[in-house]
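What follows is each chain in one-letter form.
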Amino acid sequence: MKSKILILIFGFMSLFTFAQEYDIEGVVYESSTGMPMPGVNVVLADNSKGTSTDFDGKFMLNGISKGSEIVFSYIGFQSKTITIQNGEALTINLEEDTNALEEVVVIGYGAQKKKEVTGAVATVGVETIENLDPVNVAQSLQGTTSGVNVTPTGGTPGAEANIRIRGVSTNGQNKPLIILDGFQYEGGLNSINPQDIETITVLKDAQAAIYGTIGANGVILVTTKKGRRDQAPKISYQGYTGIQETTRKLSLLNATEYALLLNESYANAGQTLPFSNVAGLGTGTNWQDEVFETTNVTSHNLSVSGGSEKISYSLSGSLLDQEGIIAPDKANFQRGTASITLDADITDKFRMSTKFFYNSTTSRGINSFSLGSVLFNAANIAPTIATDQYNLDGTINLGNEVVNPLAQIDNTYNKYITNRLSGTVQATLEYAKNLELQGRIGFNTSNTKNRDFSPSYYYGANKIYTNSISSVTLGKINDNDYTFDIFNTYQNTFADAHNVTFLLGMTVYETNGEGLYGSRTGVQANSWDFADLSSANGVGEEQTNSSYAYLLRRLSYFTRLQYNYKGKYLLSAMLRRDSSTRFGPNNRVAYFPSATAGWLISEEDFFNEEGFVSSLKLRGSYGVLGNDQIVDYGYVSLLNGEATYVLGADQSLVNGNALGTLANPDLQWEEAKKFDVGVDMSFWNDKMSVTADYFINNRDNLLISNIPVSGILGVGAPGAASPTKNAGAVRNAGLEFAINYAENISDDFSFSVGYNISTLKNEVTEVNGTEFVEGGAFGIGQLAPSRMEEGMPLGYFYGYVTDGIFQNQAEVDAHPSQQALGAAAHPGDIRFKDLNGDGIVNSDDRTMIGNPIPDVTMGFNLTINYKNFDFATYTYANLGNDIVRNFERDQPNVNKMSYWLDRWTGPGTSNTVPRVTTAATSNKVFSDFFVEDGSFARIQTMSLGYTIPKLFTEKVGIDKFRIYGKVDNVYTFTNYSGYDPTASTGAPIGGGIDLGFYPLPRTYMLGVNVEF
């Protein structure tokens, strides 16, 4: 009886259980785009059953009991667990896992988990790039990465940027190496479409030693987007249109102020006044208003990506059209790009991937950053001159350089076209257990052609820009390079504790090219339309041509060993051997070793996992890297000098060639010895992260050109020069600190905030063969303002120190003579310090009066998301750098800045601004009077976007529709009086000198992001 009752009970229980089983079906979507997700793992929590979503994101699991937990997971997305309560169809939305996506970092010839990276590596992700939406990719690094300083070469359309990683380390080329998807890229970041980029990784320390002789200036690794496996075709469009304007105009004198000041300067010299009546002059011509315009910028980008189980693909194309804020018809930039990416699993062991990039740029430009530039003329031309006065004869004499800037614009004609094709093909073979062989070839080929036309035009008597005859110059350049890499990777774990990755490979790099130039006078009809060599009819010595060709090769072998013990103790060692035809046979080969180590304290048993500290890692690195960016063929003498020979029976004089720069067969690499110690921490379940570094970079064997040698060697001949030698050393040291915090307050509100700061101390520690190296230019005919000298910052400003204004003759008489500076002092003149105390103020009294290298760089970034709204702002700052104000022409009759209204006019009136006079004075010599604090803080970008709810967009087949407004170069906080405090040519000796810097435009944009 009891057994029958038990049977009945079990029977009822089995019926009950059977009744609570369901067939569960549903669809999985990507939360951010609403796209269905193929290939998602759908598994019961106990792993008893499982499946994956099909191409449309659909799935089905049969016989699932009530209360069972189903786990949905996909690489790069946050897993989601659902408890089954009934048999209703499920709609699952998976969120991207930012931490998982950022977990792997590209480090060169491979990748590594972020928590195991032992070098100073920084990454800028796709979200930051999309928020900034920059015209130039380099802007993505401004203020977002500690230790990286980005300054523009100008605001002219298409201008490149100066990127300096941890300071200026050499008197030569300081730009970092750019690696695009594994191959060396020489096209500049401005030629890459920002919308194609997935991540930008910066290698700042010895981690870059894997690149040997080309890695000393740091390495920027650019990884582009690719398609996703098992994804339906995804079409995306990003576009914006905007208007641009100048952010600043110089404070110049108007016509009445100018005339009164000029009259005073003539009166102080005892000369006849140039303006007998100033009453009717008014404000006159505002030349800056005449040259600056409000102009347009537009951008379009279209991409398609997707994939199947074993193939992924991506295609994109973009167009950018940017006008200049000065003379938009004569200064503009167009860029078109196209790219295609294809990844395929040929077999389970063999994979191939290809990426090809094409870009075409067309640019036109004006003279934008030199003495004689359009802005230089606008700042110096008299406001009493009418805008239509193209011929300045009959107007006040402004010297032989200053001309009507509108006439200058009208007579500017040029066009530069560059077409570049780049690409890489890579194959990966897993040929044995734990062994993987990769082969890759990358290439660049570019063709550039330019045409410049100078019409015959008369600007006025003795003007240096006057052309008596028209001329045309044409140029064609072809540059090519290829990189072939082959490397083997072994990866294994021993005894569940010892993790080893071993890399061994080689690289072959070749670059070659040629250029051809020709010029001719006598252009038909004096017109740009006929500006061609074939139609010009000039004869004589002004018909010129030239050409060049080059071929350089580099062969490298490299190896890297990465080891960690239970994920706690981390070690990486690298060695690279480079040989280059850029150097002579005496020093053609060099070895570059490095090592990095780390201790992941948070993996230790004693670490409190329940505390507010989520992870803690200490790391350090030291390595030797190289720099070979010097003039080609410095180890041999070329026949590019000039000489006159006595030849023939009649012993006539014949002009010919001779040795140019003397050879130095002992040239060798610059060596960068990099030391870094750092700490990486995260808090509160990785919501906040902190990174801090202290670094020392010593650069030895600097390659310095024209080191003085005995004149008996012939270096004084035309075209000759002293040799390039390894003759200097520079040290950069500093601290870096970055903190980031991200928080999801609720489903509707989240934010992230980041701040970084870097300090830098730069010092030249050695200059051999000469006391100093000079560079830069100030004014006309003055001594070089910049120097490289032991014990001083590289490129520091060298001039006279001012000590106020002479208030009366007694002060003049009591002060050492300043006659050696060009004129005897008078009351109202600048008083210069006699630093050596010899009773005379002369060139021996010059000293350091400024430093163009900032002491501190900072960045602050904030993003906020509230429901369908998103807001982002990015700011950055440079502190402690100085700028030389060199856009004021030293000529009596040019216009002046408004600070001259506070000039000295008698005892006690001013102790900062000297008197005005047309007589000779020493006030024009290079001194700290012309050096200003260049510190600034700039709000680089502010954007506000709104994403239309899917409820509305899905009805018309749109997965995402976002509209946004953005302002670039919002506002700059600075005390600098020039156009832009970021002014610099980027030259290591001579940078920071403002010649009339073309200001960066402020841009107001409206844009859309659409996904289908």
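Residues numbered from 1 in each chain as written. Predicted model: local features only at pLDDT ≥ 70, side-chain atom pairs only at ≥ 80, totals over all residues. Heavy atoms only, no water.

Engineer: Which residues make up the overall build of the protein, and what values go with them?
Structural biologist: In terms of helices and strands, the protein carries nine helices and 50 strands. Computed over its C-alpha atoms, the radius of gyration of the protein comes to 33 Å, within 12% of the 31 Å expected for a compact globule of 1012 residues. Dimensions of the protein along its principal axes, counting C-alpha atoms only, are 135 × 70 × 65 Å. Of the contacts made within the protein by residues no fewer than 6 positions apart, 70% connect residues no fewer than 24 positions apart. Accessible surface computed for the protein: about 44200 Å², of which carbon and sulfur atoms make up 55%. Taking the average place of the 72 positive charges on the side chains of the protein and the average place of its 106 negative ones, the gap between the two points comes to 5 Å. (Helix = DSSP H or I, 4+ residues; strand = E, 2+ residues; numbered from the N terminus. Rg over C-alpha atoms; globule rule 2.2 N^0.38 Å. Contact = heavy atoms within 4.5 Å. Areas by Shrake-Rupley, 256 points an atom, 1.4 Å probe, with all protein chains shown as cover. Lys, Arg positive; Asp, Glu negative; His and termini not counted. Charge placed at Lys NZ, Arg CZ, Asp CG, Glu CD.)

Engineer: Got a sec to walk through the confidence of the model for the protein? Specific residues and values, please.
Structural biologist: The predicted coordinates should not be examined in detail at positions where pLDDT is low. Per-residue pLDDT for the protein has a mean of 91; in total, 97% of the residues score no lower than 70. Across residues 1-19, confidence stays below pLDDT 50; counting only partners more than four residues off in sequence or on other chains, it has zero contacts. (pLDDT = per-residue confidence, 0-100.)

Engineer: Lay out the nonpolar core with the relevant residues and their values.
Structural biologist: Membership of the largest hydrophobic core comes to 41 residues, with the highest contact counts inside it found for Tyr258, Val291, Ile326 and Leu398. Elements represented by at least two residues in this core include exactly α4 (255-268), α5 (287-291), α6 (374-380) and α7 (405-410). (Core = buried A, V, L, I, M, F, W, Y, C linked by side-chain atoms within 4.5 Å. Buried < 20%, exposed > 50% of the residue type's maximum accessible area, 1.4 Å probe, protein only.)

Engineer: Tell me about the sheet that holds strand β7 (residues 90-94), residues and numbers included.
Structural biologist: Taken together, the three strands give an open sheet; going across it, the order is β4-β1-β7, and neighbouring strands pair in mixed fashion. The outermost strands of the open sheet, each flanked by one partner alone, are β4 (58-65) and β7. Direction aside, neighbouring strands of the sheet carry axes that sit 30° apart on average. Relative to β4, strand β1 (residues 21-30) runs antiparallel, the two being bridged by six bridges. Across the sheet, residue glutamate 21 finds its bridge partner in β4, namely serine 65. (Pairing = 2+ DSSP bridges. Axes fitted to C-alpha atoms, helices over the stretch in contact; angles between N-to-C directions.)

Engineer: An account of the side chain of glutamine 891 is needed here, citing residue identities and associated values.
Structural biologist: Within the secondary structure, glutamine 891 is located in the loop between β45 (882-885) and β46 (931-933). Here glutamine 891 falls in the buried class, since its relative accessible area comes to 13%. Ignoring anything within four residues of it in the chain, the contact list for glutamine 891 reads Asn397, Leu398 and Gly399.

Engineer: Residue-level account of the pairing of strand β16 (residues 219-224), with values.
Structural biologist: Among the six residues of β16, five are classified as buried, and the element is accordingly described as predominantly covered. One ladder, built from four bridges, connects strand β13 (residues 177-180) with β16; its direction is parallel. Along β16, the bridge assignment pairs isoleucine 178 with isoleucine 220. Taken together, the six bridges between strand β15 (residues 197-203) and β16 define a ladder with antiparallel strand orientation. Pairing of isoleucine 200 across the sheet is with valine 222, part of β16.

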